Amino acid sequence: MTNIQLSTENLSFTYPDGTQALKNINIEIEKGEKVAIIGPNGAGKSTLFSHFNGLTEPTSGCVKIEGKAISFEKDELLKVRQKVGIVFQDPNDQLFAPTVKEDIAFGPMNLGLSYDEVEKRVEDALKMVGMENYENKTPHHLSGGQQKRIAIAGIIAMRPKCIVMDEPTAMLDPAGRKEVMATVRRLNEDYGITIILITHYMEEAAQCRRVIVMDKGRVLLDDTPREVFSKVELIKSVGLDVPQVTELVYELNQYGLELDGHIITEDECADMLIKLIS
């Protein structure tokens, strides 16, 4: 039995004006993985994102969910969107009901589930994002981080096996970013949900199992965070940064030190510097 949750085969997309946004993308994402997709503006990240659950139809090639190519028949798309949920960058694109509970219940209700099942899914989803006591709150009165977590809960209530998140911590303060990333980590590690994270924050990408770097509609790199971010000059050449600790190691090496360029965490960097000073 295949362990591939989502894959693309020679996926290409060209806009009506002739702009080719995706060029023969071939990736495989396994069940339970946590994968970051990064790239400069215009790299094709958002276009790729919109293909993952059938929001956009490819010009050529296909996206497969659990080995089956996405069909654009209405009934088939509904099935796909129960398996792959999308969390948009702006929670206002997803939050519209008067209360948190009604917002989260909307998706399951449209599946024709019983009242008891909908109630259970709302309760479970709130627990999974750490918002158990907020069901009667008004979504638009919550903080940015809380709104993002409620938007995620609305997707969780559909019971997808994979969640794709577009810039989930964009426009949040440090506390809000920490809340959301803790939720993402819990969904992946405790509940085994496959996570695909599109982000501009390299420290967030470094927390994933894999990092896919896109540039000009193509996959430039696809490897572990340690391997991807060790290629500092290549990453910078396409207009991206690397995690701050990786940048520090890189700069120290420019002064003649011979330090491990695969360091991506603060603890590793601190240990290395202590040994260096000693």
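Quick caveat, the model's predicted, so the values are computed rather than measured. One numbering rule holds for all chains: residues counted from 1, following each sequence as written. At least 70 in pLDDT is required for a residue's local features to be given in this predicted model, at least 80 for side-chain atom pairs to be given and counted, and no such filter applies to totals for whole chains, interfaces and linings, which use all residues. Excluding hydrogens and water, the side-chain figures rest on all heavy atoms present in the structure.

### With respect to the overall build of the protein
Where helices and strands are cited, they refer to DSSP runs of H or I of at least four residues and of E of at least two residues respectively, numbered from the N terminus. A tally of helices and strands in the protein yields eleven helices and ten strands. Along the three orthogonal principal directions, the C-alpha set of the protein runs to about 65 × 45 × 40 Å. Relative accessibility thresholds used throughout: buried, under 20% of the residue-type maximum; exposed, over 50%; partly exposed, between the two (1.4 Å probe, protein chains only). Expressed as a percentage of the 278 residues in the protein, the buried residues total 49%. For the protein, the proportion of contacts with a sequence separation of at least 24, taken over those separated by at least 6, is 63%. On the protein, roughly 13800 Å² of surface is accessible, and the fraction owed to carbon and sulfur atoms is 49%. Any two residues having at least one pair of non-hydrogen atoms within 4.5 Å are treated as being in contact. Working definition of accessibility: Shrake-Rupley area with a 1.4 Å probe, residue cover restricted to the visible protein chains.

### Let's talk about the packing of helix α10 (residues 244-254) against helix α11 (residues 266-277)
Every axis in this analysis is a line fitted to C-alpha atoms, fitted for helices over the stretch in contact. Angles between the N-to-C directions lie between 0 and 180 degrees. Here α10 crosses α11 at 30 degrees, and the two axes come no closer than 9 Å. When the interaxial angle is binned, α10 and α11 end up roughly parallel. Along the contact surface, α10 presents Val245, Leu248, Val249 and Leu252, while α11 presents Glu266, Cys269, Met272 and Leu273. Among the residues forming the contact of α10 with α11, the class breakdown is seven nonpolar, no polar and one charged. Here is the rule for angles: anything less than 35 degrees is roughly parallel, anything more than 145 is roughly antiparallel, 65 through 115 is roughly perpendicular, and the remaining ranges are oblique. Any residue that is not Ala, Val, Leu, Ile, Met, Phe, Trp, Tyr, Cys, Pro, Asp, Glu, Lys or Arg is counted as polar, Gly included; the first ten are nonpolar and the last four charged.

### Some words on the packing of aromatic side chains
Here a Phe, Tyr or Trp ring, Trp counted by its six-membered ring, pairs with any other such ring whose centre lies within 6.5 Å, and the pair is stacked when the planes are under 30 degrees apart, edge-to-face when over 60, and tilted otherwise. Scanning the entire structure with this criterion turns up three aromatic pairs. Geometrically, the ring pair formed by Phe49 and Phe88 is edge-to-face, given 6.0 Å between the ring centres and 75 degrees between the ring planes. Taken together, the positions of Phe49 in helix α1 (residues 45-51) and Phe88 in the loop between β6 (84-87) and α3 (100-110) put the pair 39 residues apart, joining distant regions of the chain. With relative accessibility at 4%, the residue Phe49 sits in the buried group. Under the relative-accessibility criterion, Phe88 is labelled partly exposed at 29%. Measuring from centroid to centroid gives 5.0 Å for Phe96 and Phe106, while their planes differ by 90 degrees, and the two rings are edge-to-face. Of this pair, Phe96 sits in the loop between β6 and α3 while Phe106 is found in helix α3, placing the two residues ten residues apart along the sequence. Given the relative accessible area of 52%, Phe96 is considered exposed. Lying across the ring of Tyr201, Arg177 places its NZ or CZ 3.6 Å from the centre. Criterion for a charge above a ring: Lys NZ or Arg CZ within 6 Å of the ring centre, and within 35 degrees of the ring normal.

### Examining the sheet that holds strand β2 (residues 20-30)
Two strands qualify as a pair provided that DSSP identifies no fewer than 2 bridges between them. Reading across the sheet, the four strands line up as β2-β1-β4-β5 and stay open at both edges, with antiparallel pairing between neighbours. Of all the strands in the sheet, just β2 and β5 (68-69) have a single pairing partner and so form its edges.

### Looking at the sheet that holds β6
What holds strands together in a sheet is hydrogen bonding between their backbones, with the strands either parallel or antiparallel. On the basis of which strands lie adjacent, the open sheet formed by six strands has the order β6-β7-β8-β3-β9-β10 and mixed pairing. With one partner strand each, in any of the chains shown, β6 and β10 (218-223) form the two edges of the open sheet. The sheet shows a mean angle of 20 degrees between the axes of neighbouring strands, taken without regard to direction. Bridge count for β6 against strand β7 (residues 162-166) is four bridges, and the pairing is parallel. Its bridge partner lying in β7, Val84 is registered against Cys162. The strands that helix α5 (residues 144-156) touches are β6 and β7; relative to β6, the one it contacts most, it runs at about 165 degrees. Contacting β3 (34-38), β7 and β8 (194-198), helix α6 (residues 174-189) runs over the sheet at an angle of about 150 degrees to β8.

### Regarding the layout of surface pockets
Grid points spaced at 1 Å over the protein atoms alone were grouped into cavities, where a 1.4 Å probe fits but cannot get out, and pockets, open sets with protein on both sides within 12 Å along at least five of seven lines, with lining residues defined by an atom within 4 Å of a point. Grid points are joined across faces, edges and corners, and a volume is the space filled by probe spheres set on the points. The calculated volume of the largest pocket comes to roughly 580 Å³. Taken together, the elements giving at least two residues each to the lining of the largest pocket come down to α2 (74-83), β6, α3 and α5. Sorting elements by how many residues they give to the lining of the largest pocket places α3 first, with five residues. A class-by-class count of the residues in the lining of the largest pocket yields 15 nonpolar, six polar and four charged. Empty space within the second largest pocket amounts to approximately 400 Å³. What lines the second largest pocket is a set of 16 residues, and nearest its centre among them are Arg177, Glu203, Glu204, Gln207 and Glu266.

### Some details on a nonpolar patch on the surface
Note that patches include only residues with greater than 30% relative accessible area and no salt bridge, and the join distances are 9 Å for like charges and 5 Å for nonpolar side chains (Val, Leu, Ile, Met, Phe, Trp, Tyr). The rule for a salt bridge is simple: a side-chain nitrogen of Lys or Arg has to be within 4 Å of a carboxyl oxygen of Asp or Glu. On the surface, Leu257, Leu276 and Ile277 cluster together to form a nonpolar patch covering roughly 300 Å² of accessible area. Structurally, Ile277 is set in helix α11.

### Looking at the pattern of salt bridges
Evaluated as defined, the whole model comprises 18 salt bridges. Taking the shortest distance from any N to any O, the salt bridge between Glu33 and Arg209 comes out at 3.5 Å. Of this pair, Glu33 sits in the loop between β2 and β3 while Arg209 sits in the loop between α7 (202-205) and β9 (210-215), placing them 176 residues apart in sequence. Accessibility expressed as a relative area gives 2% for Glu33, which makes it buried. Overall, Arg209 belongs to the partly exposed group, its relative accessible area being 49%. Glu179 is paired through a salt bridge with Arg149; the nearest N and O atoms lie 2.9 Å apart. Pair noted here: Glu179 is in helix α6 and Arg149 is in helix α5, with a separation of 30 residues, a long-range link. Glu179 gets classed as partly exposed once you look at its relative accessible area, which sits at 28%. Look at the salt bridges and you will find they share partners, linking Glu30, Glu33, Arg209, Arg210 and Asp222 into a network.

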